Amino acid sequence: MCILCNSFKNNELTIMEAWGNYAEMLETMEPKHADEVFLMLLSANEGVGFNNKMPKPTLEKIKG
Ligand SMILES: [Zn+2]
């Protein structure tokens, strides 16, 4: 648990702000905890339907 987790769980950060802080804190974070935070933010992303940054297959591409 770190300041980022605390702030995020208290709804003091938006998902975008949390990702930004995560990127900044990554260097100083324990690798194991970095993984945990990554998964936490990732599942939060799905919760708000914010998957814009992730490539996803489209029907058009499948059909060719
Ligand atoms: Zn944390």
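Up top is the structure.
Residues numbered from 1 in each chain as written. Predicted model: local features only at pLDDT ≥ 70, side-chain atom pairs only at ≥ 80, totals over all residues.

A. How the structure looks around the overall build of the chain. Scanning the chain for helices and strands turns up four helices and zero strands. Every one of the 64 residues in the chain was classed for burial, and the buried ones make up 6%. (Helix = DSSP H or I, 4+ residues; strand = E, 2+ residues; numbered from the N terminus. Buried ≥ 20, exposed ≤ 12 C-beta atoms within 10 Å, placed from the backbone.)

B. Quick look at unusual backbone geometry. Of note in this structure, Asn 11 is not a glycine but carries a positive phi near 60°. Mapped onto the elements of the fold, Asn 11 is located in the loop between α1 (3-9) and α2 (15-25).

C. The environment of Ala 23, seen in detail. Relative to the elements of secondary structure, Ala 23 occurs in helix α2. With 15 residues separating them in the primary sequence, Ala 23 and Phe 38 have C-alpha atoms 9.9 Å apart.

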